[in-house]
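# Structural overview for review
Chain residues, written in single-letter form:
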Amino acid sequence: MPSKHQPRVLCVDDDEDSRVMLRTLLALARIEAKTVSTAANALFLMRAERFDLCVMEVWLPGVDGFELCRQIRNIEPHVPVLFFASAADAADKKKGLKAGATVYVVKPDVAGLLRTVMHFVSLAVRPTGKQAIPLRRKVKDISPPFINKTAQPLSIGWKR
Amino acid sequence: MNTEPLVRLSRNAERPDPEIHDELESAASPNKWSTVVRSWVVEFRQRGRNERVPAFDSLLKNPLPATAPADGNAF
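About the criteria used
Residues numbered from 1 in each chain as written. Chains lettered and ligands numbered in written order. Predicted model: local features only at pLDDT ≥ 70, side-chain atom pairs only at ≥ 80, totals over all residues. Heavy atoms only, no water. Buried < 20%, exposed > 50% of the residue type's maximum accessible area, 1.4 Å probe, protein only. Helix = DSSP H or I, 4+ residues; strand = E, 2+ residues; numbered from the N terminus. Arc of directions from axis to C-beta. Contact = heavy atoms within 4.5 Å. Polar contact = N/O pair within 3.5 Å; in protein donor to acceptor, adjacent residues only side chain to side chain. Pairing = 2+ DSSP bridges. Right-handed = clockwise from strand over helix to strand, strands pointing away. Expected span 1.5 Å × (residues − 1).

Attention shifts here to helix 3 (residues 65-75) of chain A. Residue and element names in this part refer to chain A. Among all positions of helix 3, only Gly 65, Phe 66, Leu 68, Cys 69, Ile 72 and Arg 73 are buried. In a view along the axis of helix 3, the buried residues occupy a sector of 160°, so they form one face of it. Contacts from the buried residues of helix 3 go to strand 1 (8-12), helix 2 (39-48), strand 3 (53-56), strand 4 (81-85) and helix 4 (90-98). For helix 3, the capping residue at the N-terminal end is Asp 64, with a side-chain oxygen 3.3 Å from the backbone nitrogen of Phe 66.

Another point: the side chain of Asp 15 of chain A. With respect to the element layout, Asp 15 of chain A can be found in the loop between strand 1 and helix 1 (16-28). The contact partners of Asp 15 of chain A, leaving out residues within four places of it in the chain, are Trp 40 and Arg 47 of chain B.

The next thing to look at is the pairing of strand 5 (residues 103-106) of chain A. Looking along a regular strand, one sees side chains alternate from face to face of the sheet. Residues and elements named next belong to chain A. Relative to strand 5, strand 4 is paired through four bridges, and the arrangement is parallel. Across the sheet, the residue bridging to Phe 84 is Val 105, located in strand 5. In this region the chain leaves strand 4, passes through helix 4 and returns to the parallel neighbour strand 5; the handedness of that crossover is right-handed.

A separate point is the environment of Ala 101 of chain A. Position of Ala 101 of chain A among the secondary structure elements: in the loop between helix 4 and strand 5. Between the C-alpha atom of Ala 101 of chain A and that of Phe 83 of chain A, which follows or precedes it by 18 residues, the distance is 6.9 Å.

All names here are of chain A. Its 15 residues place the ends of helix 5 (residues 110-124) 21 Å apart at the C-alpha level, agreeing with the 21 Å of an ideal helix rising 1.5 Å per residue. For helix 5, a buried count of twelve out of 15 residues is recorded, marking the element as mostly surrounded by other parts of the structure. Residues of helix 5 that are buried: Val 110, Gly 112, Leu 113, Leu 114, Thr 116, Val 117, Met 118, Phe 120, Val 121, Ser 122, Leu 123 and Ala 124.

Below, the structure is given as structure tokens:
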């Protein structure tokens, strides 16, 4: 039976309680979460490691979540970005989605966050051996993984 | 009038793997939510309503610094 790789989520929140909560919540769902408190650390990790998903707060010290989202889009255009934010105004949601976020969940809707995370994680996590296809990849870019281009042409006929 | 039939494309890549989805669903059942998560929600609700008040109070207590006209042309 093929094994599955453990999904990995990067969480960016300046509030320590929120970081602990996110780690606990995702651990309960068997999701590995790395948490950082600043946009700079998040960008460093995004460049260095592989993540299936990014969850972030809007209000961050220095570079805010909107700008961080734009920069993550430049590094990893296909990784879903979820805002789990205290900013609950419609304008903030609009700004977040315009910055490239996939979903905007307002705190403290933990159930909504978990549902959304599980949805995207189940899309991203495939059994080992299968190619995980990025969510936003265009159909024309997807090549069939089962074609072995180095194989010899198949000859059909009776042996003499 | 547009008579073309509507065609909805469904990509396998965007369809969740049901096996994995079920596994995650059961793992993240609300019954298993820890006290950490519950207490965070309660605290956030209490703090969320109160944290803006001190911010406004401090803003009103500390008036904005008086700004001098940059070039002496005050309106």
